[in-house]
Protein chains: 2
Amino acid sequence: MTIITSKSNNLIKKTKKLLKKKYREHSYLIEGWHLFEEAQKADAEFLNIFVLEEFSDRVEGLSHVTYVTPEVLKELTDSKTPQGIIAEVVMPNLPLADLKAGRYLVLEDVQDPGNVGTMIRTADAAGLDGVLISEKTADIYNQKTLRSMQGSHFHLPVWRTNVYEACQKLQSLGVPLVATTLSKDSVDYKTVEHKGEFALVMGNEGNGISEQMTKQADILAHIIMPGQAESLNVAVATGIVLFSLI
Amino acid sequence: MTIITSKSNNLIKKTKKLLKKKYREHSYLIEGWHLFEEAQKADAEFLNIFVLEEFSDRVEGLSHVTYVTPEVLKELTDSKTPQGIIAEVVMPNLPLADLKAGRYLVLEDVQDPGNVGTMIRTADAAGLDGVLISEKTADIYNQKTLRSMQGSHFHLPVWRTNVYEACQKLQSLGVPLVATTLSKDSVDYKTVEHKGEFALVMGNEGNGISEQMTKQADILAHIIMPGQAESLNVAVATGIVLFSLI
């Protein structure tokens, strides 16, 4: 058994680059056993599996396994307490042509990686058919998003795309576009009715949905807040509206 | 006008200690204009107001103002981009005897500061009468909690207390204790009925509510999740159940 013990090993140096978005073109890193097992269940393609020697029995028979020391493993994550395994996984190829009528969550320029991850996890819990995220939405392959997403991107497709065009396609298939807004120039989300299909749009943390999305939406909905808080966290708002719609 | 330019100034050194929980006995630090204005609206007692010279007009006529340089201001926060003001605020004195029948959120050992802040913000948005947090729940006066709370602790009382005794008191006043559980040995939250008052208990991120709380609760409720995610983020779950109850 060969163990990489040096941080300046070429494979480690090359892999470490994947922690930065600009180097993530075709693959990304996942950390920890939970995500690794979710990736396995989803038949994800692994390019490299970096693991501590003590866990050799858990990766027996797998290809692309490389043993590393704890110090080297730490190089490949921003987690302070890595769990013994880090894997390089191929990004899925998701043709937008696959987009069918169904139930979707749409993120328009959501900035915070933790929010984005939690929202995709919420869409997964709600049993949606997929998530559409705008180009300006936080990257789903950064470590913070991956941690809060808890493997949900292995359960449902997440398309990064022009959400206006994608929503237009859904609308042409008869799926109503429901956009949440901070204004009161809209209906109470509890009164929104649909025939089983919908695309729910959540906007940016500070600015809400764009003017373009406001115009494109079939229904504008808001959450009545009887208290003094000016707004809800966007992931919490997503849960409230989504679990009312399903 | 005197400006503190040195990080080793005694007042700065003493104030900086308040970033650590063990030194926060009677007061804590808030950062940024939004929180400062919320504190003012709530008639909070200020012990010190540290501000950059360029904002002197915004604190004109106020007591306890100390001008500092940007470098000194940075010493008093873990924020990478402080907004020009940091204030030392006295913690409120909230006698538990004030606890009356009403609508409450109860946090039993919620660990993550971001979750705790978001949950209190959600309780505020829902117009609840207060929040009860267990001794093991994350401190509400740490900077991360304060950021996600967005000033909601100035809108409603947050008691750190023995939540079992406090809930017992509420129950004796006729308030039903509704505890959410990850198990299915409970009712769908959508079917929970009440007469206008309730105490909703949310448990620890990993373990859910304790056995003690399970026994003490009048109603156990769960969220049906049609998808593949094993659980929801605890703050999202709070929003879903709370906005269904109100």
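Residues numbered from 1 in each chain as written. Chains lettered and ligands numbered in written order. Predicted model: local features only at pLDDT ≥ 70, side-chain atom pairs only at ≥ 80, totals over all residues. Heavy atoms only, no water.

Caption draft 1: The overall build of chain A, seen in detail. Scanning chain A from N- to C-terminus turns up 8 helices and 12 strands. Taken along its principal axes, the extent of the C-alpha atoms in chain A is 65 × 40 × 30 Å. Taking all 246 residues of chain A together, the buried fraction comes to 55%. Considering only contacts within chain A whose residues lie at least 6 apart along the sequence, 76% involve residues at least 24 apart. Surface summary for chain A: the accessible area is close to 11,500 Å², and the carbon and sulfur share equals 47%. Separation of charge centres in chain A, based on 25 positive and 31 negative side chains, amounts to 5 Å. (Helix = DSSP H or I, 4+ residues; strand = E, 2+ residues; numbered from the N terminus. Buried < 20%, exposed > 50% of the residue type's maximum accessible area, 1.4 Å probe, protein only. Contact = heavy atoms within 4.5 Å. Areas by Shrake-Rupley, 256 points an atom, 1.4 Å probe, with all protein chains shown as cover. Lys, Arg positive; Asp, Glu negative; His and termini not counted. Charge placed at Lys NZ, Arg CZ, Asp CG, Glu CD.)

Caption draft 2: Structural view of the interface of chain B and chain A. Across the boundary between the two partners, chain B contributes 31 residues, which contact 30 residues of chain A. Summed over the shared surface of chain B and chain A, the result is 0 salt bridges. Where chain B meets chain A, there are 14 residue pairs in polar contact (both at pLDDT 80 or more). Broken down by secondary-structure element, the contributors of at least two residues to the side of chain B that touches chain A are α2 (33-41), α4 (113-125) and α8 (234-245) of chain B. Here the residues of the side of chain B that touches chain A sort into 14 nonpolar, 12 polar and 5 charged. (Salt bridge = Lys/Arg side-chain N within 4 Å of Asp/Glu carboxyl O. Polar contact = N/O pair within 3.5 Å; in protein donor to acceptor, adjacent residues only side chain to side chain. Nonpolar A, V, L, I, M, F, W, Y, C, P; charged D, E, K, R; others polar.)

Caption draft 3: Representation of the sheet that holds strand β8 (residues 158-160) of chain B within the structure. Residue and element names in this part refer to chain B. If you trace the 7 strands from one edge of the open sheet to the other, you get β8-β7-β6-β11-β9-β12-β10, paired in parallel fashion. With partners counted over all chains shown, the strands left at the sheet margins are β8 and β10 (187-188), one partner each. Summarising the sheet, strand β9 (residues 177-180) and strand β11 (residues 198-202) pair through 3 bridges and their orientation is parallel. The partner of A179 across the bridge, within β11, is V201. Each of β6 (103-107), β9 and β11 is contacted by α8, which is oriented at about 160° to β11, the strand it contacts most. (Pairing = 2+ DSSP bridges. Axes fitted to C-alpha atoms, helices over the stretch in contact; angles between N-to-C directions.)

Caption draft 4: View of the UniProt feature "domain: RNA 2-O ribose methyltransferase substrate binding" (unreviewed entry) in chain A. The UniProt record annotates "domain: RNA 2-O ribose methyltransferase substrate binding" (unreviewed entry) at residues 29-95 of chain A. Measuring from the first to the last C-alpha atom of residues 29-95 of chain A gives 22 Å, for a span that is 22% helix and 30% strand. (UniProt positions renumbered as here; feature names shortened; annotations may be inferred.)

Caption draft 5: Seen up close, the domain arrangement of chain A. All names here are of chain A. Per the domain assignment, the segments making up chain A are domain 1 (3-90) and domain 2 (96-245). Of note, the centres of domain 1 and domain 2, computed from C-alpha atoms alone, are 31 Å apart. Tallying the contact residues gives 14 residues for domain 1 and 11 residues for domain 2. For the pairing of domain 1 and domain 2, the buried interface totals around 1,100 Å² over both sides, and the portion due to carbon and sulfur atoms is 57%. For the pair domain 1 and domain 2, the number of links is 2 salt bridges. (Domains from an automatic or database assignment. Buried area = accessible area lost by both parts, 1.4 Å probe.)

Caption draft 6: Geometry of the packing of helix α4 (residues 113-125) of chain A against helix α8 (residues 234-245) of chain A. All names here are of chain A. The contact between α4 and α8 brings their axes to 9 Å, and the two run at 15°. The angle between the axes of α4 and α8 places the two elements in the roughly parallel class. The crossing of α4 and α8 is right-handed. Along the contact surface, α4 presents N115, T118, M119, T122, A123 and A125, while α8 presents V234, A235, T238, G239, L242 and F243. Partitioned by chemical class, the residues of the contact of α4 with α8 number 7 nonpolar, 5 polar and no charged. (Parallel < 35°, antiparallel > 145°, perpendicular 65-115°, else oblique. Left-handed = near helix turned anticlockwise from the far one by under 90°.)

Caption draft 7: Geometry of the sheet that holds strand β2 (residues 27-31) of chain B. All names here are of chain B. With respect to topology, 5 strands assemble into an open sheet ordered β1-β4-β3-β5-β2, the strand pairing being mixed. On the outer flanks of this sheet lie β1 (3-4) and β2, each paired with one strand and no other. In terms of strand pairing, strand β3 (residues 46-52) meets strand β5 (residues 85-90) through 5 bridges, oriented antiparallel. Counted as the bridge partner of I49 is A87 from β5. Together, β2, β3 and β5 form the strand contacts of α2, whose direction differs from that of β3 by roughly 150°.

Caption draft 8: Just the relation of the copies chain B and chain A, in detail. Of the transformation superimposing chain B on chain A, the axial component is 0.0 Å and the angular component is 180°, with the fit at an RMSD of 0.0 Å. Viewed as a symmetry operation, the transformation between the two copies matches a two-fold axis. Same-surface contact between copies: 97% of interface residues of chain B are shared with the interface of chain A. (Least-squares fit on C-alpha atoms with pLDDT ≥ 70 in both.)

Caption draft 9: Quick peek at the pairing of β5(B). Residue and element names in this part refer to chain B. Most of β5 sits inside the fold, with 5 of its 6 residues counted as buried. With 5 bridges connecting them, β2 and β5 associate as antiparallel partners. If you follow S27 over to β5, its bridge partner there is V90.

Caption draft 10: Region of interest: the pattern of salt bridges. Residue and element names in this part refer to chain A. Scanning the model with the defined rule gives 15 salt bridges over all chains in all. A salt bridge links R58 to E37; the nearest nitrogen and oxygen atoms lie 3.2 Å apart. Highlighted residues: R58 in the loop between β3 (46-52) and β4 (65-68) and E37 in helix α2 (residues 33-41), separated in sequence by 21 residues. Exposure remark for E37: the relative accessible area of 36% places this residue in the partly exposed category. Linking K215 and E211 is a salt bridge whose minimum nitrogen-to-oxygen distance equals 3.5 Å. Of this pair, K215 and E211 both sit in helix α7 (residues 211-216), 4 residues apart, which is roughly one turn of that helix. Relative accessible area serves as the criterion here: at 67%, K215 is assigned to the exposed category. The structure contains a network of salt bridges with shared partners spanning K7, K16 and E75.

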